[in-house]
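A closer look at the structure
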Amino acid sequence: MRSFANSSGPPNNWTLDVIEHNMFEPYAAAETNFTKLDPQSIMMYPIPSNWTKDGFSVGLNNDLSSTDKKFIYEQYS
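**Description of a nonpolar patch on the surface**
Taken together, Ile42, Met43, Leu64, Ile72 and Tyr76 make up a surface patch of nonpolar side chains, about 560 Å² in accessible area. Residue placement: Leu64 occurs in the loop between α2 (16-24) and α3 (66-76). Residue classification places Leu64 among the partly exposed residues on the basis of a relative accessible area of 40%.

**Notes on the packing of aromatic side chains**
Within the structure shown, the criterion is met by two aromatic pairs. Ring geometry for Trp14 against Tyr45: centres 6.3 Å apart, planes inclined by 85 degrees, an arrangement best described as edge-to-face. Highlighted residues: Trp14 in the loop between α1 (5-8) and α2 and Tyr45 in the loop between α2 and α3, separated in sequence by 31 residues. You can call Tyr45 partly exposed: its relative accessible area is 43%. Pairing Phe24 with Trp51 gives two aromatic rings, centres 6.3 Å apart and planes at 55 degrees, and the pair type is tilted. With Phe24 in helix α2 and Trp51 in the loop between α2 and α3, the pair connects residues that are 27 residues apart, well separated along the chain.

**Some words on the confidence of the model for the protein chain**
For the protein chain, the average pLDDT comes to 89, and 94% of its residues sit at 70 or higher. Element-level mean pLDDT values for the protein chain span from 72 in α1 up to 96 in α3.

Rules and cut-offs
Residues numbered from 1 in each chain as written. Predicted model: local features only at pLDDT ≥ 70, side-chain atom pairs only at ≥ 80, totals over all residues. Heavy atoms only, no water. Patch = residues over 30% accessible without salt bridge, like charges linked within 9 Å, V, L, I, M, F, W, Y side chains within 5 Å. Areas by Shrake-Rupley, 256 points an atom, 1.4 Å probe, with all protein chains shown as cover. Salt bridge = Lys/Arg side-chain N within 4 Å of Asp/Glu carboxyl O. Helix = DSSP H or I, 4+ residues; strand = E, 2+ residues; numbered from the N terminus. Buried < 20%, exposed > 50% of the residue type's maximum accessible area, 1.4 Å probe, protein only. Phe/Tyr/Trp six-rings, centres within 6.5 Å; stacked < 30°, edge-to-face > 60°. pLDDT = per-residue confidence, 0-100.

Written out as C-alpha cells, the structure is:
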C-alpha cells in the first residue's frame, strides 16, 4: 500500500481515487506536450522515497530546470 499521508490531508484533502489519478495515471502522449522525465523540473510533484520501490525521490523544486526553460522556449517561440 502506498503512503498518501501528504496528499490526503491539507491543503489537498484528496481522496484515494483522486490521488491515484493525479499522481500515478500518465497522460496519453497524444493529449499533451512533454519532455523526458526531469527530476529537477518545477512541474514535478515531490516524491518521497517510501513511495517508490527503488528509493527514487524528488524534493520540492522551486526553480525552472534547464529542461523546463528549453521546453518553454520551444513551445512559445
